[in-house]
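# Secondary and tertiary structure notes
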Number of protein chains: 2
Amino acid sequence: MANEKIPYKIYLEENEMPKAWYNVRADMKKKPAPLLNPGTLEPMKAEELAPVFCEELIAQELDNDTAYVEIPQEIRDFYKMYRPSPLVRAYCLEEKLGTPAKIYYKFEGNNTSGSHKLNSAIAQAYYAKKQGLKGVTTETGAGQWGTALSMACAYLGLDCKVYMVKVSYEQKPFRREVMRTYGASVVPSPSMDTNIGRKINAEHPGTGGSLGCAISEAVEVATSTPGYRYVLGSVLNQVLLHQSVIGLEAKAAMDKYGIKPDMIIGCAGGGSNLGGLISPFMGEKLRGENDYRIIAVEPASCPSFTRGVYAYDFCDTGMVCPLAKMYTLGCDFIPAPNHAGGLRYHGMSSILSELYDQGLMEARSVKQTDVFEAAEYFARCEGILPAPESSHAIRVAIDEALKCKETGEEKTILFGLTGTGYFDMVAYEKYNDGIMDDYIPTDEELAKYREKLPKVDK
Amino acid sequence: MANEKIPYKIYLEENEMPKAWYNVRADMKKKPAPLLNPGTLEPMKAEELAPVFCEELIAQELDNDTAYVEIPQEIRDFYKMYRPSPLVRAYCLEEKLGTPAKIYYKFEGNNTSGSHKLNSAIAQAYYAKKQGLKGVTTETGAGQWGTALSMACAYLGLDCKVYMVKVSYEQKPFRREVMRTYGASVVPSPSMDTNIGRKINAEHPGTGGSLGCAISEAVEVATSTPGYRYVLGSVLNQVLLHQSVIGLEAKAAMDKYGIKPDMIIGCAGGGSNLGGLISPFMGEKLRGENDYRIIAVEPASCPSFTRGVYAYDFCDTGMVCPLAKMYTLGCDFIPAPNHAGGLRYHGMSSILSELYDQGLMEARSVKQTDVFEAAEYFARCEGILPAPESSHAIRVAIDEALKCKETGEEKTILFGLTGTGYFDMVAYEKYNDGIMDDYIPTDEELAKYREKLPKVDK
């Protein structure tokens, strides 16, 4: 079909959908650094992780060698409800920009969770169910991951307990109600259900909570309740594995029409979407079969790739989780309150960190108002109102397309449109009212957090 | 492909998408009654409608004879951005219900307006642009239509002024912000911009407004501002014409796999979605080629088909618009405040009213809590969180599937899933909290409104 006119949207047929996830670690010569036990500083063993995570997910987490992991039939059936997601040719955006570049985006927002998170939520819920568990616990900030997990658990008849950062619980009641509609119990964190919650409430009366605190509560409940485990929506190797379905579908759709992207652009918070999107392309790059420019885009207000350090750090603010080697700003770092949307994690997936450190991908940081300008521009010509997170990728895709306009180059750009912004209208309102501003942390601030990094000589 | 396994979702190829809308009036032996001039009680002529509506849309409104109206290329290109919409086989719902019925739904919610409204919004905006107009005005209640029109106008570079019922403007700030993001000016109604607005504000200080008042304001601005016209998102013949794209796509997808529905179910407020969904099927029925059961579902709190009368009435509460013959509760009728979501129009499309009067379709009314029960059940197994409006159709589809379970009949059910409920979480919250109730108007109440119907001897 190479010379056929490319349709606006390419949907794979059901029988063309991926039957296995791709594990990019298998093709990395230098593997990502292992998780360390914060007490012994030795690599975490499966049995040490077993009280927290499901068995099969631990196996996936630690497996650096198996290139393809079969997607269980039950998960493939669930994927068929909302996948394949479309690969969209952005004809209208190209025309409005007047660029010779060819722009494609893989749109993951056409499901009720509103993002790519569902790809891993159903996998994690499935393995929990298969292990005979009664339920899972997790934390959620903005609510995308909590929503995705609630949907997956409702489908499988699994109990789902979500610790939602209290300030989000109160300010984002609609996300909370979506989760409740899917039968999840949503608890504002810090709660009075857990030791850590009671402690924090006692020490900081009236606190609005934090993601770190919510993680600690979710882990405490998972490890102290028989039949429960904790699940996490980003950062981990297992999550990147599940999210490879994004890239595998995108690549299959492009191959079908003989399209080869020159550059692949994705937003990066914890790294799950970007890691998933680029995985098969990165695989070709690692195996020397093809070359691609790969660009991670992060907010200037939370610049772990572009201004962080590559070091061992805690995955959570509460310092209860293992240590991971990653590009990090320090586990106490929290973006300024004016920062809208997600992408507020202090660190970055170990896999992506290692790939970045090896020079296999680039990173760029963008200012918030520039991101919303791109979001609005995109919405008005392509129809879809994008999530603030996804709009980071849109910003850089537009910038690169405008460079092509200057040089006349007909480059092919692929970017990840991870989700929709329907639950982010408070941020859009600020932008519409002209009261959104850009806070960028100073070097002094970043140095302060960096000082607190754990001393690990690895 | 008749014997192939039916996929979860059927997407037409781009070249299989409809190239013409279908006008069901062409196949009706007895045509729908014409709009009447409220002064003369004579059928409205094109020139009388010209100050309010765009020329080409008036032609479509009055054309009872042309069966197929070509969809202009520009509109077809816009359709390609968010269409074809999927025809979904509800395998998970069937399994959970344990029914031998085969359930399909045509899902119109995968676009940022969140509903089927965009199908007509782009058509109306296109004809306004083609006529050389500067902009359009409209009213919106819950905001779906206003959002759709804003998107269409942003795409075409047309000015868009939306009068939004003040109470919705304040209680649904997110819908308002979506419209603003698409560049529309959104004015809470009653405003101080118009004579009628100032009059209502003076007479009812602090009023929250009504759809009738917002219509009057939008019409006043359209008729008093050079280069502007008024557009409407439902009820009108032209809107049903544009919405026929839903049914044409659904039928093409079914034909491709040799599927013939036994019954077709849709929710009905003003009738645009139902009219669009059923049109090609009704055409076959009118021409005696095939038979289908067709069921309109309306809220028990606003039961124009099931408890209204077939008579001439005003289309708007303000009594400034022409008279239409339709099933109506009386133009002063407003559903009880506890009624959630849309489907609150006092009347019904003239086309559907005539078809119903001829016994070519059935109607059923359902209670609000039963609707939300079905919505939640559907969300948990099919993933999609449905709009309250659409959930009326889900309720009856489930009821019919359960009848099949009793009788063992393998009927094929097609229903219209018109949109998503992401902006309706206040209603879901009420349901989740168990404080939603069902108000059904008494016969005495309905009689009171019926007394005020204009006396028209036609």
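Description of the structure in this document. (Residues numbered from 1 in each chain as written. Chains lettered and ligands numbered in written order. Predicted model: local features only at pLDDT ≥ 70, side-chain atom pairs only at ≥ 80, totals over all residues. Heavy atoms only, no water.)

### With respect to the overall build of chain A
- Summing up its helical and strand segments, chain A has 18 helices and 15 strands in all.
- Each principal axis of the C-alpha atoms in chain A carries an extent, and together these give about 60 × 50 × 50 Å.
- Contacts in chain A between residues far apart in sequence, at least 24 positions, make up 76% of those at least 6 positions apart.
- Split by element, the accessible area of chain A, about 15700 Å² in all, is 51% carbon and sulfur.
- Side chains of chain A carry 50 positive and 60 negative charges; the gap between the two charge centres is 1 Å. (Helix = DSSP H or I, 4+ residues; strand = E, 2+ residues; numbered from the N terminus. Contact = heavy atoms within 4.5 Å. Areas by Shrake-Rupley, 256 points an atom, 1.4 Å probe, with all protein chains shown as cover. Lys, Arg positive; Asp, Glu negative; His and termini not counted. Charge placed at Lys NZ, Arg CZ, Asp CG, Glu CD.)

### Description of the side chain of A:Ser279
- You can see A:Ser279 is positioned in helix H12 (residues 272-286).
- In this structure, A:Ser279 is in contact with A:Tyr22, A:Val24 and A:Ser244, ignoring residues within four places of it in sequence.

### Focus on the relation of the copies chain A and chain B
- When chain A is fitted onto chain B, the two copies agree to an RMSD of 0.0 Å after a turn of 180 degrees and an axial shift of 0.0 Å. The operation mapping one copy onto its partner corresponds to a two-fold rotation axis. Taking C-alpha positions as the reference, the residue of chain A nearest the rotation axis is A:Asn110, at 3.0 Å.
- The overlap is high: 100% of the interface residues of chain A also sit at the interface in chain B, so the same surface is used on both sides. (Least-squares fit on C-alpha atoms with pLDDT ≥ 70 in both.)

### Looking at the state of the cysteines
Residue and element names in this part refer to chain B.
- Here the structure, examined in full by the defined rule, presents zero disulfides over all chains.
- Free of any disulfide, Cys 92 has its nearest neighbouring cysteine sulfur in Cys 381, separated by 6.7 Å.
- With no disulfide partner, Cys 153 has as its closest neighbouring cysteine sulfur the one in Cys 160, 4.1 Å distant.
- Accessibility expressed as a relative area gives 1% for Cys 153, which makes it buried. (Disulfide = S-S within 2.5 Å. Buried < 20%, exposed > 50% of the residue type's maximum accessible area, 1.4 Å probe, protein only.)

### Topic: the pattern of salt bridges
- Counted according to the given criterion, the structure contains 60 salt bridges over all chains.
- With a closest N to O distance of 3.0 Å, A:Lys403 and A:Glu400 form a salt bridge. With A:Lys403 and A:Glu400 both in helix H16 (residues 388-407), this residue pair falls three residues apart, about one helical turn.
- The partner of B:Arg176 in a salt bridge is B:Glu177, and the shortest N-O contact between them spans 3.3 Å. The same class applies to B:Arg176 and to B:Glu177, which are both buried.
- When salt bridges with common partners are traced through the structure, they connect A:Arg176, A:Glu177, A:Arg180, B:Glu429 and B:Asp433 into a single cluster. (Salt bridge = Lys/Arg side-chain N within 4 Å of Asp/Glu carboxyl O.)

### Re the packing of helix H2 (residues 55-62) of chain B against helix H11 (residues 237-256) of chain B
Residue and element names in this part refer to chain B.
- Two numbers describe how H2 lies on H11: the axes approach to 7 Å, and their chain directions differ by 90 degrees. Classified by the interaxial angle, the pair formed by H2 and H11 is roughly perpendicular. Contacts between H2 and H11 involve Leu 57, Gln 60 and Glu 61 from the first element and Asn 237, Gln 238, Leu 241 and His 242 from the second.
- Considered class by class, the residues forming the contact of H2 with H11 number two nonpolar, four polar and one charged. (Axes fitted to C-alpha atoms, helices over the stretch in contact; angles between N-to-C directions. Parallel < 35°, antiparallel > 145°, perpendicular 65-115°, else oblique. Nonpolar A, V, L, I, M, F, W, Y, C, P; charged D, E, K, R; others polar.)

### Some points on the nonpolar core
- Core analysis: the largest hydrophobic core is formed by 244 residues, its most contacted members being A:Met361 and B:Met361.
- Not counting residues within four places of it along the chain, the set of residues in contact with A:Met361 comprises A:Leu274, A:Ile278, A:Met282, A:Ile294, A:Ala296, A:Phe305, A:Leu352, A:Leu355 and A:Tyr356. (Core = buried A, V, L, I, M, F, W, Y, C linked by side-chain atoms within 4.5 Å.)

### Examining the interface of chain A and chain B
- Taken together, the 43 residues of chain A in the interface contact 43 residues of chain B.
- Overall, the association of chain A and chain B removes approximately 4100 Å² of surface from exposure, summing both partners, and the carbon and sulfur fraction of that is 57%.
- On inspection of chain A and its partner chain B, the count reaches four salt bridges.
- Between A:Glu429 and B:Arg176 there is a salt bridge, with the nearest N and O atoms lying 2.9 Å from each other. (Buried area = accessible area lost by both parts, 1.4 Å probe.)

### Observations concerning H12(A)
All names here are of chain A.
- At Ser 279, H12 shows its largest bend, some 55 degrees, and a proline, Pro 280, comes one to four positions later.
- Extensive coverage of H12 is indicated by the burial of 15 of its 15 residues.
- Just beyond H12, the residue with positive phi is Gly 288, at close to 75 degrees. (Bend = angle between axes of the 7 residues up to and from the residue.)

### Looking at unusual backbone geometry
- That bond from A:Ser189 to A:Pro190 is cis: its omega, 5 degrees, falls within 30 degrees of zero.
- Inspection of the secondary structure puts A:Pro190 in the loop between strand S8 (185-189) and helix H9 (195-203).
- For B:Val235, which is not glycine, the phi dihedral falls at a positive 65 degrees.
- If you trace the backbone, B:Val235 turns up in the loop between strand S9 (228-230) and H11.

### Some words on the sheet that holds S9(B)
Residues and elements named next belong to chain B.
- The parallel open sheet is built from four strands, whose spatial order is S8-S7-S6-S9. Here the strands that pair on one side only, and so sit at the sheet edges, are strand S8 (185-189) and S9. On average, adjacent strands in this sheet sit at an angle of 25 degrees to one another, irrespective of strand direction.
- Bridge count between strand S6 (residues 135-140) and strand S7 (residues 159-165): six bridges; the pairing is parallel. Residue pairing across strands places Thr 138 opposite Val 162, the latter belonging to S7.
- Lying over the sheet, helix H6 (residues 144-156) contacts S6 and S7, oriented at roughly 165 degrees with respect to S6. (Pairing = 2+ DSSP bridges.)

### Description of empty space enclosed by the protein
- Here the structure, examined in full by the defined rule, presents 15 cavities of 30 Å³ or more.
- Taken as a whole, the largest cavity holds about 240 Å³ of empty space.
- Around the largest cavity, the lining is made up of 26 residues, and of these A:Met81, A:Tyr82, A:Asn110, B:Lys9 and B:Asn110 lie nearest the centre.
- Elements that contribute at least two residues to the lining of the largest cavity include exactly helix H3 (73-82) of chain A together with strand S5 (102-107) of chain B.
- Among the elements that line the lining of the largest cavity, the one with the most residues is H3(A), at three residues.
- The residue makeup of the lining of the largest cavity, split by class, is 16 nonpolar, six polar and four charged.
- Size it by volume and the second largest cavity reaches roughly 190 Å³.
- As for the second largest cavity, its lining consists of 22 residues, and the residues nearest its centre are A:Ile384, B:Met81, B:Tyr82, B:Asn110 and B:Asn111. (1 Å grid on protein atoms, 1.4 Å probe; cavity = no way out; pocket = protein on both sides within 12 Å on 5 of 7 lines; lining within 4 Å. Points joined across faces, edges and corners; volume = space filled by probe spheres on them.)

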